[in-house]
Amino acid sequence: LSRKKGLVSLAVKSLKTLGVEERRILGQQLNQLKNQVENSLSGRKSTLLEQEQKGKFETEGVDVTLPGHAFPSAGIHPLRRVWREMEEISVRMGFTIVSGPEIESDYYNFEALNIPKGHPARDDQDTLFLSDNLLLRTHTSPVQIRTMEKQKPPIRIVVPGRVYRRDAVDATHTPMFHQVEGLVVGEEISLADMKGTLQVFLRALFSHDTRVRLRPSYFPFVEPGAELDISCIFCSGRGCRVCKNSGWIEILGAGMVHPRIFERVGYDPNRYTGFAWGMGIDRIALLKYQVNDLRLFFENDIRFIRQF
Ligand code: DAH
């Protein structure tokens, strides 16, 4: 049928050499032939298409009535659970969740937090250095500085994140663990605000009747600094194995932001005061879920995670 070389097309062209009558009869017959060929071609085409479809249904079809395969699933990891719970409580209390880099400079991790080179506090935090100036952050406190450099008071932030220390692995140490930092800055923020805020937070996290107490302590970036204990969540303070019969469990470090820190980020220390705290998520998860070995959190054994 092709226009230039097709037999039918050539025959149609040669019609003009014939007489009127012959041309009429032959013309009709050629037309019929052309229709026949076209019909059988399109018939064949749709048969082939149908066969192709059928083959696809047979080889690629899905029987939606067959029973499926259940994906093995565990549960929300206990560390993530505590992490989320802390975030939820903080947000309800009016805090904003922020984060910062895990690779930090010496300046943010130490210098800006009043821990100059040679300061003994550097020895407490066995640091994993990447170069002279770069390191894996040893705590979430550098995000205090990063936030204050960018924002003016009032500040209410909570910073959950991973931190790193050069520790040998045992039941209570892993080279990577998790902390939550908190920072409140404004006018007329007092130590009483700190104690009250932390009490509300810890009561939401542990129990409505959890009591808190502050013990004087030292951290270079706060003055005064304190360690905060909660009444033992297992014996309510009567004394048990977990609290070693003291009735109290140490839970976090805190204090009033050191005026020198405000100066460094350009806040007027005569106008602004604030408090900060830092606590370990892993330690709290160990306590809350009565797990006796930190390594269980990192092995990801599905039988362990399924229990949460
Ligand atoms: N950054 C401290 C640490 O890792 C914890 C800490 C203590 C944070 C007191 C604070 C604070 O914000 O006020 O040991």
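Provided above is the structure to which this section pertains.
These figures come from a predicted structure and were not determined experimentally.

Student: Got a sec to walk through the overall build of the protein chain? Specific residues and values, please.
Tutor: Scanning the protein chain from terminus to terminus reveals 11 helices and nine strands. A globule of 308 residues ought to have a C-alpha radius of gyration of about 19 Å, yet the protein chain, at 38 Å, is considerably larger. For the C-alpha atoms alone, the extent of the protein chain along its principal axes is close to 125 × 50 × 35 Å. The contacts in the protein chain between residues at least 6 apart in sequence include a share of 65% that link residues at least 24 apart. On the protein chain, the mean spot of the 42 positive side-chain charges and the mean spot of the 37 negative ones are 9 Å from each other.

Student: Tell me about the packing of helix H3 (residues 78-92) against helix H9 (residues 281-288), and name the residues and values.
Tutor: For the pair H3 and H9, the least separation of the axes is 9 Å and the interaxial angle reads 105 degrees. When the axis of H3 is compared with that of H9, the two are roughly perpendicular. Counted together, Pro78, Leu79, Val82, Trp83, Glu85 and Met86 of H3 and Ile281, Asp282, Ile284, Ala285 and Lys288 of H9 form the full contact between these two elements. Along the lines of polarity and charge, the residues of the contact of H3 with H9 split into eight nonpolar, no polar and three charged.

Student: I'd love a proper account of the pairing of strand E5 (residues 176-186), names of residues and values included.
Tutor: Among the 11 residues that make up E5, 10 are buried, leaving the element largely enclosed by the rest of the structure. As defined by bridge partners, strand E4 (residues 155-164) adjoins E5 across 10 bridges and the pair is classed as antiparallel. Note that in E5 the partner of Val163 across the bridge is Phe177.

Student: Give me the lowdown on the pairing of strand E8 (residues 248-257), citing residues and values where you can.
Tutor: The element E8 is extensively covered by neighbouring structure, given that eight of its 10 residues are classed as buried. Both strand E7 (residues 222-231) and E8 contribute to a ladder of eight bridges, which runs antiparallel. Bridging across to E8, Gly225 finds its partner in Gly255. Of the pairings in the sheet, the one linking E8 to strand E9 (residues 273-280) comprises four bridges and is antiparallel in character. In the sheet register, Ala254 faces E9, and the bridge partner there is Trp277.

Student: Please provide a residue-by-residue account of the packing of aromatic side chains, values included.
Tutor: For any pair of aromatic rings, the description rests on two quantities: the centre-to-centre distance and the angle between the ring planes. Going through the model one piece at a time under the given rule, you end up with nine aromatic pairs. Centroid distance Phe297 to Phe304: 6.1 Å. Interplanar angle 50 degrees. Geometry classified as tilted. Comparing Phe297 with Phe304, the two get one shared label, buried. Members of the aromatic cluster, each reached through a chain of ring pairs, are Tyr289, Phe297, Phe304 and Phe308. We note Arg80 situated over the ring of Trp83; from NZ or CZ to the ring centre the distance is 4.6 Å. Geometry around Phe206 places Lys288 over its ring, the cationic atom sitting 5.9 Å from the centre.

Student: Tell me about the nonpolar core, and name the residues and values.
Tutor: Met86, Leu202, Ile251, Leu252 and Trp277 are the most contacted members of the largest nonpolar core, which totals 41 residues. When contributions to this core are tallied by element, the ones reaching two or more residues are H3, E5, helix H7 (191-205), E7, E8, E9, H9 and helix H11 (302-305). Among all residues touching Trp277, those that are not within four sequence positions of it are Phe95, Val158, Val180, Glu181, Gly182, Leu183, Val184, Leu198, Leu252, Gly253 and Ala254. Counting residues in hydrophobic clusters, the runner-up holds 25 residues, among them Tyr108, Phe110, Val143 and Tyr267.

What counts and how
- Residues numbered from 1 in each chain as written.
- Predicted model: local features only at pLDDT ≥ 70, side-chain atom pairs only at ≥ 80, totals over all residues.
- Heavy atoms only, no water.
- Helix = DSSP H or I, 4+ residues; strand = E, 2+ residues; numbered from the N terminus.
- Rg over C-alpha atoms; globule rule 2.2 N^0.38 Å.
- Contact = heavy atoms within 4.5 Å.
- Lys, Arg positive; Asp, Glu negative; His and termini not counted.
- Charge placed at Lys NZ, Arg CZ, Asp CG, Glu CD.
- Axes fitted to C-alpha atoms, helices over the stretch in contact; angles between N-to-C directions.
- Parallel < 35°, antiparallel > 145°, perpendicular 65-115°, else oblique.
- Nonpolar A, V, L, I, M, F, W, Y, C, P; charged D, E, K, R; others polar.
- Buried < 20%, exposed > 50% of the residue type's maximum accessible area, 1.4 Å probe, protein only.
- Pairing = 2+ DSSP bridges.
- Phe/Tyr/Trp six-rings, centres within 6.5 Å; stacked < 30°, edge-to-face > 60°.
- Lys NZ or Arg CZ within 6 Å of the ring centre and 35° of its normal.
- Core = buried A, V, L, I, M, F, W, Y, C linked by side-chain atoms within 4.5 Å.

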